[in-house]
Amino acid sequence: EPEVTQTPSHQVTQMGQEVILRCVPISNHLYFYWYRQILGQKVEFLVSFYNNEISEKSEIFDDQFSVERPDGSNFTLKIRSTKLEDSAMYFCASRRGGGFYNEQFFGPGTRLTVL
Amino acid sequence: KNQVEQSPQSLIILEGKNCTLQCNYTVSPFSNLRWYKQDTGRGPVSLTIMTFSENTKSNGRYTATLDADTKQSSLHITASQLSDSASYICVVSDSRAAGNKLTFGGGTRVLVKP
């Protein structure tokens with residue numbers, strides 16, 4: 001069964017460094033998302049991406065964040081200058097179409113630790 | 001502000017027993033409500049999805065109900081198994097987002113003991 005994959009599973013970085021989190025969505029999906037979950041807190045929406053552009057973003061997704069689909073398979077989240085509070089689990093999700101019943105399938109997540 | 005609140009925060013049940021989890025939401029305009037299961041350190045996995053016109057939906061031993069008037073939903077787990085130990089998250093989508101942006105509840109952590 002096709003699934004969303006994410007790499008790395010765990011990323012440790014120093015404050016101020018740039019990180020790129022990578023996702024490979026399910027191959028025939030058209031909508032892509034990033035979420036984060038700070039330890040012990042709710043999952044929070046960051047950004048949605050469709051047709052090679054951002055379709056919606058939350059207030060969390062400031063200028064330090066960017067997303068890209070550099071080729072036909074990868075979907076990346078870049079954090080330009082990491083802060084301690086960026087430490088969280090980051091989930092990528094993808095969805096085949098725009099209908100209400102089209103599910104978002106989540107990847108296993110990347111745990112980001114900022115020291 | 002759209003919000004989703006869940007109760008209880010956690011519960012412990014014995015294997016084979018039933019349990020019911022609650023969800024209240026203030027998302028408006030409402031599009032659909034989903035229940036996800038999240039194992040520790042893993043991404044959420046969808047259990048059910050319901051629109052405002054649906055009152056109940058089942059997926060094996062999981063049955064979700066929705067009352068769009070009172071903005072409440074419940075997830076009932078029947079004959080629990082050890083593998084049901086996980087967090088169960090209520091997620092609501094507003095119709096402006098057409099299923100795009102999801103508002104997550106804090107989850108109910110379920111522990112099934114033998």
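Caption draft 1: Structural detail: the overall build of chain A. Across its full length, chain A carries 0 helices and 11 strands. Secondary structure of chain A in N-to-C order comes out as β-β-β-β-β-β-β-β-β-β-β. Here the C-alpha atoms of chain A give a radius of gyration of 13 Å, agreeing with the 13 Å that 2.2 N^0.38 yields for 115 residues. Viewed in the frame of its principal axes, chain A has a C-alpha envelope of about 40 × 30 × 30 Å. Here chain A holds 115 residues, and the buried ones make up 46% of them. Here the analysis covers contacts within chain A between residues at least 6 apart in sequence; of these, 54% occur between residues at least 24 apart.

Caption draft 2: Focus on the environment of B:Thr63. Residues and elements named next belong to chain B. Note that Thr63 resides in strand E7 (residues 62-67). On the basis of relative accessible area, Thr63 is assigned to the partly exposed category, the value being 22%. Leave out the neighbours within four places in its chain, and Thr63 touches Thr56, Lys57, Ser58, Ser74, Leu75 and His76. Of the polar contacts made by the side chain of Thr63, one reaches the side chain of Ser58; its length is 3.1 Å.

Caption draft 3: Fine view of the pairing of strand E4 (residues 30-38) of chain B. Residues and elements named next belong to chain B. Burial of E4 is extensive: 9 of the 9 residues sit out of reach of the surface. Pairing geometry for E4 and strand E9 (residues 86-94), over 8 bridges, is antiparallel. The residue bridging Trp35 from the neighbouring strand is Cys90, located in E9. Hairpin remark: E4 followed by strand E5 (residues 45-51), antiparallel, with 6 residues in the connecting loop; positive phi at Gly41, about 75°.

Caption draft 4: Spotlight on the interface of chain B and chain A. Residue-level contacts link 25 residues of chain B with 22 residues of chain A. In this assembly, chain B packs against chain A so that about 2,000 Å² is buried in total across both faces, 51% of it on carbon and sulfur atoms. Across the contact surface, chain B and chain A share 2 salt bridges. Put simply, B:Arg34 and A:Glu103 hold a salt bridge, and the shortest N to O gap is 3.4 Å. Across the chain B-chain A interface, the total number found is 5 residue pairs in polar contact (both at pLDDT 80 or more). Secondary structure elements with two or more residues in the side of chain B that touches chain A: strand E1 (4-7), E4, E5 and strand E10 (102-104) of chain B. When the residues that make up the side of chain B that touches chain A are grouped by side-chain class, the tally is 8 nonpolar, 11 polar and 6 charged.

Caption draft 5: Region of the structure containing the pattern of salt bridges. Residues and elements named next belong to chain B. With the rule as written, the count across this model stands at 5 salt bridges over all chains. A salt bridge links Arg61 to Asp84, with the nearest nitrogen and oxygen atoms 2.8 Å apart. Residue Arg61 is located in the loop between strand E6 (56-59) and E7, and its partner Asp84 is located in the loop between strand E8 (72-77) and E9; the two are separated by 23 residues in the primary sequence. By relative accessible area, which is 23% here, Arg61 ends up partly exposed. Its relative accessible area of 1% is what places Asp84 among the buried residues.

Caption draft 6: Fine view of the pairing of strand E3 (residues 19-24) of chain A. All names here are of chain A. Side chains Val19, Leu21 and Cys23 of E3 all project onto a buried face; the interleaved residues Ile20, Arg22 and Val24 project onto a face where none is buried. Pairing analysis gives 3 bridges linking strand E1 (residues 5-7) to E3, with the strands arranged antiparallel. Looking at the pairing, Gln6 lines up with Cys23 of E3. The pairing of E3 with strand E8 (residues 75-79) spans 5 bridges and is antiparallel. Bridging across to E8, Leu21 finds its partner in Leu77.

Caption draft 7: The arrangement of the sheet that holds E6(B) in detail. All names here are of chain B. Strands sit in the order E1-E3-E8-E7-E6 across an open sheet of 5 strands; the sheet is antiparallel. Sheet topology places E1 and E6 at the edges, where each strand pairs with a single neighbour. Here the strands of the sheet are splayed against their neighbours by 15° on average, with no regard to which way each runs.

The rules behind the values
Residues numbered from 1 in each chain as written. Chains lettered and ligands numbered in written order. Predicted model: local features only at pLDDT ≥ 70, side-chain atom pairs only at ≥ 80, totals over all residues. Heavy atoms only, no water. Helix = DSSP H or I, 4+ residues; strand = E, 2+ residues; numbered from the N terminus. Rg over C-alpha atoms; globule rule 2.2 N^0.38 Å. Buried < 20%, exposed > 50% of the residue type's maximum accessible area, 1.4 Å probe, protein only. Contact = heavy atoms within 4.5 Å. Polar contact = N/O pair within 3.5 Å; in protein donor to acceptor, adjacent residues only side chain to side chain. Pairing = 2+ DSSP bridges. Buried area = accessible area lost by both parts, 1.4 Å probe. Salt bridge = Lys/Arg side-chain N within 4 Å of Asp/Glu carboxyl O. Nonpolar A, V, L, I, M, F, W, Y, C, P; charged D, E, K, R; others polar. Axes fitted to C-alpha atoms, helices over the stretch in contact; angles between N-to-C directions.

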